[in-house]
Amino acid sequence: MAEQRGTVGGPVLTEWFGRANLHKLEVYEKLGGYEGLRKVVTGMSAAQVIDEVKASGLRGRGGADFPTATKWSFVPKDHPGPKYIVVNADESEPGSAKDRYLMENSPHALIEGAAIATFAIGGHQAWIYIRGEYDLPYEKLRDAIAEAHAKGHLGDHPFGTDYPLDIRLYRGHGAYICGEETALLESLEGKRAQPRSRPPFPAIKGAWGQPTAVNNVETLSTVPWIIRHGGAEYAKRGTEKAKGTRMVTVSGDVQKPGNYEIEIGVTYRHIIEELAGGPFPGRKVKVFWPGGSSAKVLPGSMLDTSTDLDGLKALGTMGGSGGIIVMDDSHCVVKGAARLLRFYAHESCGKCTPCRVGSNWAVRTYERILANEGSQIELALLDRVQQGLQGGRCLCGLGDAAGWVIQSTMNHFRNEYEEHCLHHTCSVEGALIHA
Ligand SMILES: Cc1cc2nc3c(=O)[nH]c(=O)nc-3n(C[C@H](O)[C@H](O)[C@H](O)COP(=O)(O)O)c2cc1C
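Residues numbered from 1 in each chain as written. Predicted model: local features only at pLDDT ≥ 70, side-chain atom pairs only at ≥ 80, totals over all residues.

Scanning the chain for helices and strands turns up 17 helices and ten strands. A compact globule built from 435 residues would reach a C-alpha radius of gyration of about 22 Å, and the chain, at 22 Å, matches this within 12%. When the 435 residues of the chain are sorted by exposure, 54% land in the buried category. Summarising the internal contacts of the chain: among those between residues at least 6 apart in sequence, 72% fall at separations of at least 24. (Helix = DSSP H or I, 4+ residues; strand = E, 2+ residues; numbered from the N terminus. Rg over C-alpha atoms; globule rule 2.2 N^0.38 Å. Buried ≥ 20, exposed ≤ 12 C-beta atoms within 10 Å, placed from the backbone. Contact = placed C-beta atoms within 7 Å.)

Right, here's the structure in full:
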């Protein structure tokens with residue numbers, strides 16, 4: 001995968017990428033790493049750390065765009081027992097591979113960010129829940145945590161203080177649902193990964209019933225830079241309301257797929273055509289997922305859409321996990337949607353009925369359509385199923401995501417659905433319409 005920077009105001013997360021052995025403590029520290037944690041534990045209060053991150057405008061990069069400082073401030077200050085930071089390193093969203101890239105290249109940035117966050121919520125323990133299949137990032141983090149302990153940056157007396165800080169790694173259980181924060185907490189506790197009903201939210205009752213803030217890898221890897229340079233400096237990047245930079249993973253029909261750091265506000269055309277090299281010769285971008293498979297699709301005619309998080313929300317979609325999936329005009333959208341629905345149905349944990357039943361109904365309907373057995377009935381059925389999947393009817397966002405794939409592809413490519421259902425043809429892929 002190609003790895004390049006796409007920032008206008010200068011990179012934040014990938015600032016030191018390309019330096020030999022950045023994953024080693026010695027190298028990371030020489031460049032200024034751990035200065036943020038030192039500053040925090042030796043001279044700042046938890047409230048000051050939260051204020052600094054608030055000034056940066058940082059919002060979570062795990063999918064929901066939630067303001068990071070606000071999430072930390074929800075953790076009760078006067079709680080008598082333990083409080084936890086849980087790092088969501090599960091990264092199973094189709095189209096997203098940026099957390100892996102960050103952990104492999106700069107594991108100490110995540111460790112430093114997680115330690116700062118733990119201090120900010122008044123806790124002493126962080127957990128990193130890492131996707132079970134991520135062997136190399138696991139090894140890099142394991143070794144980096146050991147280095148940080150050996151140097152005394154973690155442990156009973158970080159930087160000579162009496163504020164203990166510890167980080168532990170936990171390998172994930174190998175399912176997409178493990179990334180949903182409450183299912184992740186169940187899994188961390190050794191139980192089957194299924195979402196909890198909310199309230200109570202994890203900030204009040206999280207891991208082992210204790211107040212917990214769950215944060216994404218990229219979110220926390222940004223924090224050391226913010227503490228080193230100040231929240232106001234970070235807030236100079238990005239748009240008026242969506243601050244900073246973010247990682248995107250571009251995959252699919254582009255010439256240079258890969259991970260790129262972009263300043264929020266650049267257009268998808270800039271990312272897809274300039275950074276990722278555009279579609280292959282003679283091809284056009286037909287459709288793209290702007291924020292992972294869970295974000296509603298946009299047609300190729302909307303490449304000039306900005307990556308501004310609020311602008312995307314206004315269009316009914318989202319920046320999500322930053323995974324940009326590109327499909328060119330040689331592919332059938334119905335077939336693509338059917339493939340994704342198989343993923344969502346397979347990954348549905350089964351706890352709530354709308355998701356378990358609805359996703360499987362959708363798969364069976366797509367199967368009939370792709371076997372040339374579609375009709376007006378299948379068109380109407382897909383529409384009803386997508387309505388039943390979304391709108392808060394499910395326990396977590398997995399069901400919504402499945403519904404959005406159907407809804408947004410039908411919305412923008414109704415003609416292709418009608419071709420399949422009403423005429424049993426596919427003008428894009430000819431007779432080859434079997435999934
Ligand atoms: C089905 C599902 C899977 C998810 N997978 C991930 C994931 O792999 N990584 C992640 O950071 N967030 C994932 N999320 C979002 C988390 O629930 C949560 O919002 C996020 O970890 C919060 O971190 P942030 O505030 O830093 O964005 C997922 C959500 C859903 C509904």
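In terms of burial, strand S3 (residues 125-130) is a largely internal element, five of the six residues being buried. Relative to S3, strand S2 (residues 84-89) runs parallel, the two being bridged by six bridges. For Val-86, the partnering residue across the bridge sits in S3 and is Trp-127. Here S3 pairs with strand S4 (residues 166-171) via six bridges, running parallel. (Pairing = 2+ DSSP bridges.)

Let's shift gears to the domain arrangement of the chain. Under the domain assignment used here, the chain contains domain 1 (8-235), domain 2 (245-328) and domain 3 (333-423). Summarising the inter-unit geometry, the C-alpha centres of domain 1 and domain 3 are found 35 Å apart. Every contact between the two is made by ten residues of domain 1 and, on the other side, eight residues of domain 3. The residue inventory of the side of domain 1 that touches domain 3, partitioned by class, reads seven nonpolar, two polar and one charged. (Domains from an automatic or database assignment. Nonpolar A, V, L, I, M, F, W, Y, C, P; charged D, E, K, R; others polar.)

On to the confidence of the model for the chain. For the chain, per-residue confidence averages 95 on the pLDDT scale, and residues scoring 70 or more make up 97% of the total. Overall, residues 1-7 carries pLDDT values under 50, and its contacts beyond four positions in sequence, including any with other chains, amount to 26 contacts. (pLDDT = per-residue confidence, 0-100.)

Turning to the sheet that holds S4, a few remarks are in order. Strand order across the open sheet formed by four strands is S4-S3-S2-S5, with parallel pairing between neighbours. The strands lining the two open edges of the sheet, one partner per strand, are S4 and strand S5 (212-216). Averaged over all pairs of adjacent strands, the angle between their axes in this sheet comes to 20°, without regard to strand direction. Strand contacts of helix H8 (residues 181-188): S2, S3, S4 and S5, with the helix running at about 105° to S2, the strand carrying the most contacts. (Axes fitted to C-alpha atoms, helices over the stretch in contact; angles between N-to-C directions.)

This paragraph deals with the nonpolar core. Ranked by size, the top nonpolar core spans 120 residues in total, and within it Val-86, Val-87, Ala-114, Ile-271 and Phe-288 carry the most contacts. The element best represented in this core is helix H6 (residues 107-120), accounting for nine residues. Ignoring sequence-local partners within four residues, the contact set of Ala-114 consists of Ile-85, Val-87, Ala-126, Ile-128, Ile-167 and Leu-220. (Core = buried A, V, L, I, M, F, W, Y, C linked by C-beta atoms within 7 Å.)

Turning to the site of the ligand, a few remarks are in order. The immediate surroundings of the ligand are formed by 24 residues, with Gly-60, Gly-62, Gly-179, Asn-216 and Gly-397 found nearest. For the shell around the ligand, the secondary-structure elements that each account for two or more residues are S5 and helix H16 (397-412). No other element matches the three residues that S5 contributes to the shell around the ligand. Looking at the shell around the ligand residue by residue, the class counts come to seven nonpolar, ten polar and seven charged. Mapping the shell around the ligand onto the domain boundaries places at least three of its residues in each of domain 1 (8-235) and domain 3 (333-423). (Near = placed C-beta within 6 Å.)

Taking 1.5 Å per residue, 15 residues should reach 21 Å; helix H13 (residues 333-347) reaches 21 Å between its end C-alpha atoms and fits that length. Listing the buried residues of H13 in full gives Val-333, Val-334, Lys-335, Gly-336, Ala-337, Ala-338, Leu-340, Leu-341, Tyr-344 and Ala-345. In this structure, the buried residues of H13 make contact with strand S8 (285-289), strand S10 (323-328), helix H14 (353-370), H16 and helix H17 (414-423). (Expected span 1.5 Å × (residues − 1).)

The peptide bond linking Arg-198 to Pro-199 adopts the cis configuration, its omega dihedral lying at -5°. The step from Pro-199 to Pro-200 runs through a cis peptide bond, and the omega angle for that step is 0°. Examined against the element boundaries, Pro-200 turns out to sit in the loop between H8 and S5. In this structure, Trp-208 takes a positive phi of about 50° despite not being glycine. In this fold, Trp-208 is placed in the loop between H8 and S5. Positioned with a positive phi, Asn-372 is a non-glycine residue whose angle comes to about 60°.

Take Gln-255: it is sitting in the loop between strand S6 (245-252) and strand S7 (258-263). A C-alpha to C-alpha distance of 23 Å links Gln-255 and Asn-105, two positions 150 residues apart in sequence. In contact with Gln-255, not counting residues within four places along its chain, are Gly-277, Gly-278 and Phe-280.

Turning to helix H5 (residues 98-105), a few remarks are in order. The element H5 is largely enclosed, with a buried count of seven among its eight residues. By the burial criterion, the buried members of H5 are Lys-98, Asp-99, Arg-100, Tyr-101, Leu-102, Met-103 and Asn-105.

Here the focus is the packing of H14 against helix H15 (residues 376-389). Direction vectors running N to C along H14 and H15 enclose 160°, while the axes themselves pass 9 Å from each other. The orientation of H14 relative to H15 falls into the category roughly antiparallel. Judged by the twist between their axes, the crossing of H14 over H15 is left-handed. Contacts between H14 and H15 involve Pro-354, Cys-355, Gly-358, Ser-359, Trp-361, Ala-362, Thr-365, Arg-368 and Ile-369 on the former and, on the latter, Glu-378, Leu-381, Leu-382, Val-385, Gly-388 and Leu-389. The residue inventory of the contact of H14 with H15, partitioned by class, reads nine nonpolar, four polar and two charged. (Parallel < 35°, antiparallel > 145°, perpendicular 65-115°, else oblique. Left-handed = near helix turned anticlockwise from the far one by under 90°.)

For the rest of this paragraph, the subject is the environment of Asn-411. Along the chain, Asn-411 turns up in helix H16. Given 15 C-beta atoms within 10 Å, Asn-411 falls into the partly exposed group. As a C-alpha pair, Asn-411 and Val-297 span 114 residues in sequence and 9.4 Å in three-dimensional space.

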